[in-house]
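# Structural description and commentary
Listed below are the residues making up each chain.
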Amino acid sequence: MRHWVLGSISAAIIAASWGCGSGERGGQADTGGGGQAAGGGGTGSHAAACTIAAEGLKVSSGRGITPSIAWTGSGFAIAWHERAADEGDILLATVDAEGNKLREEVIDDGPGVSSHPSVHRDGQGLLVLWQDQDGAGSVVRGRRATLEGVADGAAFDLARSGAAESWPTAAASQDGTLIAWMDAGGSQLGHLDGGALSSSMPLDQAQFPAVASDGEKTAVVWTQGDALDFARPGQESAPLDPIAHQGVTAKLPRVVLGGDDAFLVWEDTRSGAEQIRALRISAQDELSPEAIASRGEGSANWPALAWTGRGLAVAYYQFRDGPPGVFVTLLSRDLEPMGDEIEASGAATARYPALAWTGQELGIAYTEQDQGIRLSRASCP
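Residues numbered from 1 in each chain as written. Predicted model: local features only at pLDDT ≥ 70, side-chain atom pairs only at ≥ 80, totals over all residues. Heavy atoms only, no water.

### Brief notes about the sheet that holds strand β17 (residues 243-246)
Here is the rule we go by: For two strands to count as paired, DSSP must find a minimum of two bridges between them. Put simply, DSSP H or I for four residues or longer makes a helix, DSSP E for two residues or longer makes a strand, and each gets a number counted from the N terminus. Here the axes come from fitting lines to C-alpha atoms, over the contacting stretch only for helices, and the angles between their N-to-C directions go from 0 to 180 degrees.
With respect to topology, 4 strands assemble into an open sheet ordered β14-β15-β16-β17, the strand pairing being antiparallel. The open sheet has two edge strands with one neighbour each: β14 (207-213) and β17. Averaged over neighbouring strand pairs, the angle between their axes works out to 20° when direction is ignored. Examined bridge by bridge, β14 and strand β15 (residues 218-224) share 5 bridges and lie antiparallel to one another. Looking across to β15, one finds that Ala-212 is bridged to Ala-219.

### Details of the nonpolar core
Inclusion rule: Nine residue types can take part in a nonpolar core, namely buried Ala, Val, Leu, Ile, Met, Phe, Trp, Tyr and Cys, and a core is a set of them joined through side-chain atoms within 4.5 Å. Accessibility here uses a 1.4 Å probe with only protein chains present; expressed as a share of the type maximum, an area under 20% marks a residue as buried, one over 50% as exposed, and anything in between as partly exposed. Residue contacts are counted whenever heavy atoms from the two residues lie within 4.5 Å of one another.
In this structure, Val-328, Leu-330, Leu-355, Leu-362 and Ile-364 are the most contacted members of the largest nonpolar core, which totals 29 residues. Mapped by element, the contributors of at least two residues to this core are β22 (300-307), β23 (312-319), β24 (324-331), β26 (350-357) and β27 (361-368). Here this core takes 4 residues from β23, the largest share from any one element. Excluding anything up to four places from it in sequence, Leu-362 contacts Cys-50, Ala-306, Thr-308, Ala-313, Val-328, Ala-356, Trp-357, Ser-376, Arg-377, Ala-378 and Cys-380.

### Focus: the confidence of the model for the protein
Keep this limit in mind: Predictor confidence is given residue by residue as pLDDT, running from a minimum of 0 to a maximum of 100.
Mean pLDDT over the protein stands at 88; residues scoring 70 or higher make up 87%. Low pLDDT, under 50, characterises residues 1-36; the predicted model gives this stretch 95 contacts beyond four residues in sequence or across chains. Low pLDDT, under 50, characterises residues 38-47; the predicted model gives this stretch 20 contacts beyond four residues in sequence or across chains.

### A word on the pattern of salt bridges
What counts is decided by this rule: The term salt bridge refers to a side-chain nitrogen of Lys or Arg lying within 4 Å of a carboxyl oxygen of Asp or Glu.
Inspection of the entire model under this criterion finds 19 salt bridges. Of the charged contacts in the structure, one is a salt bridge between Asp-157 and Arg-141, with a shortest N-O distance of 2.7 Å. Taken together, the positions of Asp-157 in strand β9 (residues 151-161) and Arg-141 in strand β8 (residues 137-146) put the pair 16 residues apart, joining distant regions of the chain. For Asp-157, a relative accessible area of 48% corresponds to the partly exposed category. Between Arg-270 and Asp-268 there is a salt bridge; the shortest N-O distance is 2.8 Å. Taken as a pair, Arg-270 and Asp-268 share a single burial class, namely buried. Here the salt bridges do not stand alone but share partners, grouping Asp-108, Asp-132, Arg-141 and Asp-157 into one network.

### Points about the state of the cysteines
Quick note on the threshold: Throughout, disulfides are identified as pairs of cysteine sulfur atoms within 2.5 Å of each other.
This structure, assessed with the given rule, holds 1 disulfide. There is a disulfide in this structure between Cys-50 and Cys-380, and the S-S distance comes to 2.0 Å. Between Cys-50 and Cys-380 the disulfide shows an S-S torsion of about 115°. By sign, it is right-handed. Placement of Cys-50 in the loop between α1 (11-16) and β1 (51-60) and of Cys-380 in the segment after β28 (372-379) is noted, with a sequence separation of 330 residues between them. Taken as a pair, Cys-50 and Cys-380 share a single burial class, namely buried.

Quick look at the structure:
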């Protein structure tokens, strides 16, 4: 992977990572041990499923990276890691449905290095999570805000992690808020009650856990060795019953729920260069063949995904004969390509996409080199 520029890695490496050295072309897709690869590689046989309505709207002109985005019901909330002052502040902005910036709020600007932000709709407000460096480990922290982006109360510590990069993330459902983060020797899955954890359970040897909710059901995915593990958490004390998808070389998995199905995407290096691959798991725990979501041949990284009600939107950045750009592929429930891909960042050098679905549009947040955080909107009729 060519984006480990967070946490303990220096600012010099962050700056250097924007270069074109990672833009070499990889080999052709290979099916590896994870099932037959399908989809990807083509432009699709249907008319474009989504089209750009607005491109590159300015959210921040600072030195922000790795945005996270959530739909508030009337606009977008976007959190990011701002490096302008001390390499480690967390900021939050709200924009309206057209992409006009309404407010910017400092969520955390202490002397320590804060990074890995994520923002989530949680009931009638927002929950922002991030990590603070703490010696050889990190501290998972959070702060609440209104849907208008006004900070609500002080920041709070949730957990101390033995991992230098804990990557906290959350998903809210009718049963509460599920939170996951990396720890020494594995990961942790917990339930949030206000500003504290009500329970947690270890995921032994798990890396890069990610959680999702459709408002009722929840799901969690993580990597473990050469497998992707997926589970549907129940009550707080209930043990998990994971499903393992073997034979992958996976990092940064993501999960979303769409109807009765769960959809997984991840970075995979079986072909020699990073590809974004996708998998569907049915309500009966049946696994589909894999699909290759990244359509170009160059290194593809940092997947994000959203369910649109009729298909799966998968965002990533990719090197295509030069600097990286942000692209979005649309896949059907059967993981077949739906129309042309979206070039979300235009001709700009861009990385680190995040997706939010409004019910009619995709909000695509990303980092533009030397220009801060940007937002593109894609209309999906």
